[in-house]
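# Residue-level structure breakdown
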Amino acid sequence: MHAFSDLATAAYCPRKLYYRLREGDHTVPETVRERRSLAFRYPELRDPDDDLSREPIAVTPTQYRTNLACARERLDAWDALANPPRTNVLLEGREARGIAHKVLEDPLAVSVVSAGDPPDEGAWRPQTARAVAAAKALSWEEEVEVGHAYVEYPAHGVVRKLPLSTRRKAIYREAVTRADAIDGPPARLSDDARCDPCEYREECGVTTRSLRSLL
Ligand code: SF4
């Protein structure tokens, strides 16, 4: 049984998951907690009288409110996402267990909240793997098909609806396969974009772009 967070890490880099499992420290940093908490305060954050200057947002207050307004306009489930019936729900599926930050009803769906920055469309692979894992676990528990999930990037006020497409399920499946296979350090990536921000890069020994520029 894998943790949702481990599958997200496996989708990012299996070697990173190896380090993470070996270290055994799954503490969520305070900055991540603060950013995630924004996803539970949308009605307040949309209020034009609310001062956003001290909030941990990654864009200007004007852009932030514009993004929230777009999400509200675009998403049928906005009201449920802004006032979720169930929050921080522990789900246990056939292959994975973990926390879904929001569980919505009618139709049944999960939402996972990321402290990071969103891609231009959809969600990054780690959040996709985590969202599919949570949706599959909810489906397993409720014995009802769950057809989509949401990924929220609350530091930007961005919310993405993810139908559980074949491609997204394949990302999840690959993450499970990678996590199942870990019994020693997997090969390093040769991917500056992922290695540069990785907290294990020194231990890992990759030569990142930022290090190369110093050499
Ligand atoms: S530095 Fe790169 S290869 Fe090494 S664990 Fe991190 S992401 Fe993976």
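Everything that follows concerns the structure shown earlier in this document.
Quick summary incoming for the structure in this document. (Residues numbered from 1 in each chain as written. Predicted model: local features only at pLDDT ≥ 70, side-chain atom pairs only at ≥ 80, totals over all residues.)

### Observations regarding the site of the ligand
For clarity, the threshold we go by: What makes a residue near a molecule or strand is its C-beta atom, placed from the backbone, lying within 6 Å of it. Strands here mean DSSP runs of E at least two residues long; helices mean DSSP runs of H or I at least four residues long; both are numbered from the N terminus. When residue character is reported, Ala, Val, Leu, Ile, Met, Phe, Trp, Tyr, Cys and Pro are called nonpolar, Asp, Glu, Lys and Arg charged, and the others, Gly included, polar. As annotated, the domain borders come from an automatic or database domain assignment.
The environment of the ligand is formed by 13 residues, the closest being Cys13, Cys195, Cys198, Arg201 and Cys204. Those elements giving two or more residues to the shell around the ligand turn out to be helix H2 (14-23), helix H9 (192-195) and helix H10 (201-204). With three residues, H2 is the largest single contributor of residues to the shell around the ligand. Partitioned by chemical class, the residues of the shell around the ligand number eight nonpolar, no polar and five charged. Each of two domains, domain 1 (2-184) and domain 2 (187-215), supplies a minimum of three residues to the shell around the ligand.

### A word on the nonpolar core
Formally: When buried Ala, Val, Leu, Ile, Met, Phe, Trp, Tyr and Cys residues are joined through C-beta atoms within 7 Å, the set is termed a nonpolar core. Buried, partly exposed and exposed are defined by the number of other C-beta atoms within 10 Å of a residue's own C-beta, namely 20 or more, between the two limits, and 12 or fewer respectively, with C-beta atoms placed from the backbone. Any two residues are considered in contact once their C-beta atoms, placed from the backbone, lie within 7 Å.
Core analysis: the largest hydrophobic core is formed by 54 residues, its most contacted members being Leu7, Val110, Ala131, Ala134 and Ala149. Looking at which element gives the most residues to this core, the answer is helix H7 (residues 125-142), with eight residues. Among residues more than four places away in sequence, those in contact with Leu7 are His2, Ala96, Ala129, Arg130, Ala133, Tyr172, Ala175, Val176 and Ala179.

### Some details on the environment of Gln63
Note on placement: Gln63 falls in helix H5 (residues 61-74). Sequence spacing of Gln63 and Ala134 is 71 residues, and the spatial spacing of their C-alpha atoms is 30 Å.

### Examining helix H8 (residues 166-181)
For clarity, the threshold we go by: What a helix should span is 1.5 Å times the count of its residues minus one. Our arc is simply the arc of the directions from the helix axis toward the C-beta atoms.
The first and last C-alpha atoms of H8 sit 22 Å apart over 16 residues, in line with the 22 Å expected at 1.5 Å per residue. Those residues of H8 that fall on the buried side of the exposure criterion are Arg168, Ile171, Tyr172, Ala175, Val176, Arg178 and Ala179. Projected onto a plane normal to the axis of H8, the buried residues spread over an arc of 165 degrees and lie on a single side. Among the exposed residues of H8, those oriented more than 90 degrees off its buried face are Thr166, Arg167, Ala170, Thr177, Asp180 and Ala181. Tucked into the core, H8 has its buried residues touching strand E1 (2-3), helix H1 (4-12), H2, H7 and strand E6 (158-163).

Geometry only, nothing functional implied.
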